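Understanding the architecture of this molecule
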Amino acid sequence: MSDPAPKGETVAARLVALRDRDEKMRRHLLEAGRLFEGYCPEMEQVHLENAAELEKIIAEFGYPSVSRAGREASDAAWLVIQHAISRPEFMRRMLKILQKLPAGEVDPCNLARLEDRIRMYEGLPQRYGTQFDWDDDGKLSPVLHDPVAEVDRRRRELGMESLAEATERFRKNQEFTPDPAFLERYRRGYREWLIRTGWRKP
């Protein structure tokens, strides 16, 4: 009988499985032409269940930082947090944990993306300009952010491309361009979702 896998390896496998489940559902919805029709209930269910599983892992193991679980698993844990968008307090609590980790224990670019996502949903300007959405022309553009010079300085410190270069890359890889009617429906639903989930006040 073989020896049981070390706990860190077991946790890493659980986290990678959560990431793979998320990606599999996204591919399924994309292929079905349903990914951009608001926040699909099936996708939200995966995100909520993954967040609950991550909470169990943290309770059992502590936060799965790079040194504790390996970089791939640590990145997978971040992805679970980044996608738990129906749980504002969970995301805020996780951000505080990540911000207290020693250097090298979490990818600083991932930390920037999480902070920006929370600020975006709260209606605050992004610090790093990592979060994009459709503009009035249906093109992907960074949502509200600090002055470009400040954003680009912070991005350079993390080894990230400039905001202009990121915008060009996002638009080059854009999978869907909404028409005006779609955009109106999307924005109305987004505002309602922000209030329903507690990100914004009515």
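These remarks concern the structure in this document. (Residues numbered from 1 in each chain as written. Predicted model: local features only at pLDDT ≥ 70, side-chain atom pairs only at ≥ 80, totals over all residues. Heavy atoms only, no water.)

1. Let's talk about the overall build of the chain
What counts is decided by this rule: By definition, any uninterrupted DSSP run of H or I lasting at least four residues is a helix, any uninterrupted run of E lasting at least two residues is a strand, and each is numbered from the N terminus. Radius of gyration here uses only the C-alpha atoms, and the compact-globule reference equals 2.2 Å multiplied by the residue count raised to the power 0.38.
Across its full length, the chain holds nine helices and two strands. Helices (α) and strands (β) of the chain occur, in sequence order from the N terminus, as α-α-α-α-α-α-β-β-α-α-α. Compactness check: the chain gives a C-alpha radius of gyration of 18 Å against a globular reference of 17 Å for 202 residues, within 12% of the reference. Once the C-alpha set of the chain is aligned to its principal axes, its extents read approximately 60 × 40 × 35 Å.

2. Some thoughts on the nonpolar core
Put simply, the test is: Grouping buried Ala, Val, Leu, Ile, Met, Phe, Trp, Tyr and Cys residues that are joined through side-chain atoms within 4.5 Å yields what is termed a nonpolar core. Exposed residues in this analysis have more than 50% of their type's maximum accessible area, buried residues have under 20%, and partly exposed residues fall in between, with area computed by a 1.4 Å probe over protein chains only. Should any heavy atoms of two residues lie within 4.5 Å, those residues are counted as being in contact.
Ranked by size, the top nonpolar core spans 35 residues in total, and within it Leu15, Leu54, Ile81, Phe90, Met91 and Leu114 carry the most contacts. For this core, the secondary-structure elements that each account for two or more residues are helix H1 (7-31), helix H2 (41-61), helix H4 (71-82), helix H5 (88-100), helix H6 (108-122) and helix H9 (180-197). Considering each element in turn, this core owes the most residues, seven residues, to H4. Among all residues touching leucine 114, those that are not within four sequence positions of it are Trp78, Ile81, Gln82, Met91, Leu95 and Leu98.

3. Observations concerning H5
Under the convention used in this document: Given the number of residues in a helix, its expected span is that number minus one, multiplied by 1.5 Å. Picture the helix axis, draw a direction to every C-beta atom, and the arc is the one those directions span.
Given a rise of 1.5 Å per residue, 13 residues ought to cover 18 Å, and the 19 Å separating the end C-alpha atoms of H5 matches this to within 8%. Along H5, the residues classified as buried are Pro88, Phe90, Met91, Met94, Leu95 and Leu98. Seen along its axis, H5 keeps its buried residues to an arc of 155°; they face one direction. Turned more than 90 degrees away from the buried face of H5 sit Glu89, Lys96 and Lys100, all of them exposed. Contact partners of the buried residues in H5: H2, H4, H6 and H9.

4. Examining the packing of aromatic side chains
Remark: the centre distance and the inter-plane angle together describe each pair of aromatic rings, the angle taken between the planes. For clarity, the threshold we go by: Only rings of Phe, Tyr and Trp enter the pairing, Trp through its six-membered ring, and a pair is recorded when the two centres are within 6.5 Å. The plane angle decides the type: under 30 degrees is stacked, over 60 is edge-to-face, the rest tilted.
Enumeration according to the criterion identifies 13 aromatic pairs in this entry. A ring pair is formed by tyrosine 121 and tryptophan 193, whose centres lie 5.2 Å apart and whose planes are at 65°; its orientation type is edge-to-face. Here tryptophan 193 lies in helix H9 and tyrosine 121 lies in helix H6, a separation of 72 residues in the sequence. For the pair tyrosine 121 and tryptophan 193, one class covers both residues: buried. Summarising the aromatic geometry, the rings of tyrosine 190 and tryptophan 193 are spaced 6.3 Å apart at their centres and angled 15° between planes, so their arrangement reads as stacked. A residue pair is termed a helical-turn pair when its members lie 3 or 4 positions apart in one helix, as tyrosine 190 and tryptophan 193 do in helix H9 at three residues. With a relative accessible area of 21%, tyrosine 190 lands in the partly exposed category. A network of ring pairs unites the aromatic residues Phe36, Tyr39, Tyr121, Trp134, Phe176, Phe182, Tyr186, Tyr190, Trp193 and Trp199 as a single cluster.

Purely geometric stuff here, so don't read any function into it on its own.
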